[in-house]
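Now for the letters of each chain:
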Amino acid sequence: MPDTAVSTRALVKRYRGVTAVDSLDLDVRRGEIYGFLGRNGAGKTTTIRMLLGLIRPSSGEVTVLGRRILPGETNVFSRVGFLVETATAYPNLTVRENLDIQRRLTGSPTRTVADSIALLRLGPYADRRAGQLSLGNKQRLALARALLHAPELLVLDEPANGLDPAGIVEIRELLRSLADERGVTVFMSSHILAEVAHLADRIGIVHEGRLIEESSRDEFAAKARAFATDAYTSEEREQALLTLDLERYFLARTDENPKSGDA
Ligand SMILES: Nc1ncnc2c1ncn2[C@@H]1O[C@H](COP(=O)(O)OP(=O)(O)OP(=O)(O)O)[C@@H](O)[C@H]1O
């Protein structure tokens, strides 16, 4: 079994006058969580769409779980779960019905519907229509669909979209346990630094379609700390800590099952 889950070589996507992805060489190792970090318009979604065979590269190669992604390749995608911006549920069907359709499409056992409802804590909403869910619960449903057939690889475009801080922590813990306990590889894009910093084992920074830097999280943290020591005033450092303190306080104040001693 190759130890690379996703690789791209000299991958390019051009739209009229715009090079959205430019000579991209990526290697995502099996079992790791890879954070693909970039500003708006950096080329994250375009890359993800090429990884999933949704759009055709202008040039270059994509390999997913050992298979070259060529037009018409569909087999490998039965081993991949994905969440992309356009992922939509059937709005007039309930959460459970949406998941049941996914189960049938993927030939998964009946119990997987109940399992994924429990995993994503969708129990209270299981009989609600998907179109009536909050943004965060829509995102949970999209993740439940992505995970239903126990994929080896999860490709997630901005998974924290629409989630509140508690939801972000929950998804972070879920992805961590999928990687650690089930060996699932996660490739996720984000423009939220904190999300990637908390979760990814390795981080690649994409800018104007190019991978400008790639390191382990610890290497990034060391570089960032050294940089920040030079560049920030003590007031700015205090502001940054305030954000962390506020997050902790908010999570404690809104916890439905507070531990004793919590505010
Ligand atoms: N279908 C398209 N036609 C023309 N240009 C496009 C198309 N899709 C993307 N682009 C352009 O390619 C570049 C990369 O876009 P992309 O959506 O991949 O970025 P992104 O990193 O996912 O950004 P965001 O965080 O805003 O979603 C942008 O300049 C965008 O305007």
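Look up: the structure comes first, before these words.
So, here is what we can say about the structure in this document. (Residues numbered from 1 in each chain as written. Predicted model: local features only at pLDDT ≥ 70, side-chain atom pairs only at ≥ 80, totals over all residues.)

### Some thoughts on helix H3 (residues 111-119)
Note on helix geometry: an α-helix contains 3.6 residues per turn, so any two residues three or four positions apart are oriented the same way.
Logical step 1: Of the residues making up H3, those classed as buried are Thr112, Val113, Ser116 and Ile117. Projected down its long axis, H3 shows its buried positions confined to an angular sector of 135°, all on one face. Projecting away from the buried face of H3 at angles above 90 degrees are the exposed residues Arg111 and Ala118.
Logical step 2: Residues of H3 that are buried make contact with helix H2 (95-106) and helix H4 (135-147). (Buried ≥ 20, exposed ≤ 12 C-beta atoms within 10 Å, placed from the backbone. Helix = DSSP H or I, 4+ residues; strand = E, 2+ residues; numbered from the N terminus. Arc of directions from axis to C-beta. Contact = placed C-beta atoms within 7 Å.)

### Brief notes about the site of the ligand
Logical step 1: In the neighbourhood of the ligand, the contacting residues comprise Tyr15, Val18, Ala20, Gly38, Asn40, Gly41, Ala42, Gly43, Lys44, Thr45, Thr46 and His191.
Logical step 2: The residue makeup of the shell around the ligand, split by class, is four nonpolar, seven polar and one charged. (Near = placed C-beta within 6 Å. Nonpolar A, V, L, I, M, F, W, Y, C, P; charged D, E, K, R; others polar.)

### A look at the pairing of strand S10 (residues 210-216)
Consecutive side chains along a regular strand alternate between the two faces of the sheet.
Logical step 1: Bridge count between strand S9 (residues 202-207) and S10: six bridges; the pairing is antiparallel. Counted as the bridge partner of histidine 207 is arginine 210 from S10.
Logical step 2: Taken together, S9 and the strand that follows it, S10, pair antiparallel across an intervening segment of two residues, in which glutamate 208 is found at a positive phi of about 50°. (Pairing = 2+ DSSP bridges.)

### Focus on the nonpolar core
Logical step 1: In terms of nonpolar packing, the biggest core is built from 60 residues, with Val64, Leu143, Ala144, Val155, Val186 and Phe187 touching the most fellow members.
Logical step 2: The dominant element in this core, judged by the number of residues it contributes, is H4, at six residues.
Logical step 3: Leave out the neighbours within four places in its chain, and alanine 144 touches Leu99, Ser116, Ile117, Leu119, Leu120 and Leu122. (Core = buried A, V, L, I, M, F, W, Y, C linked by C-beta atoms within 7 Å.)

### With respect to the sheet that holds strand S2 (residues 18-29)
Logical step 1: Ordered in space as S2-S1-S4-S5, the four strands form an open sheet in which the pairing is antiparallel. Edge positions in the sheet fall to S2 and strand S5 (67-68), since each of these pairs with one other strand and no more.
Logical step 2: The sheet contact formed by strand S1 (residues 4-15) and S2 spans eight bridges and is antiparallel. Across the sheet, residue tyrosine 15 finds its bridge partner in S2, namely valine 18.

### Observations concerning H2
Logical step 1: The end-to-end C-alpha distance of H2 is 17 Å, a good match for the 16 Å that twelve residues give at a rise of 1.5 Å each.
Logical step 2: Considered for burial, the residues of H2 that qualify are Val95, Asn98, Leu99 and Gln102. Across the axial projection of H2, the buried residues extend over an arc of 95°, all falling on one side.
Logical step 3: Summarising the contacts, the buried residues of H2 are in contact with H3 and H4.
Logical step 4: A positive phi of about 65° marks glycine 107, the residue just after H2. (Expected span 1.5 Å × (residues − 1).)

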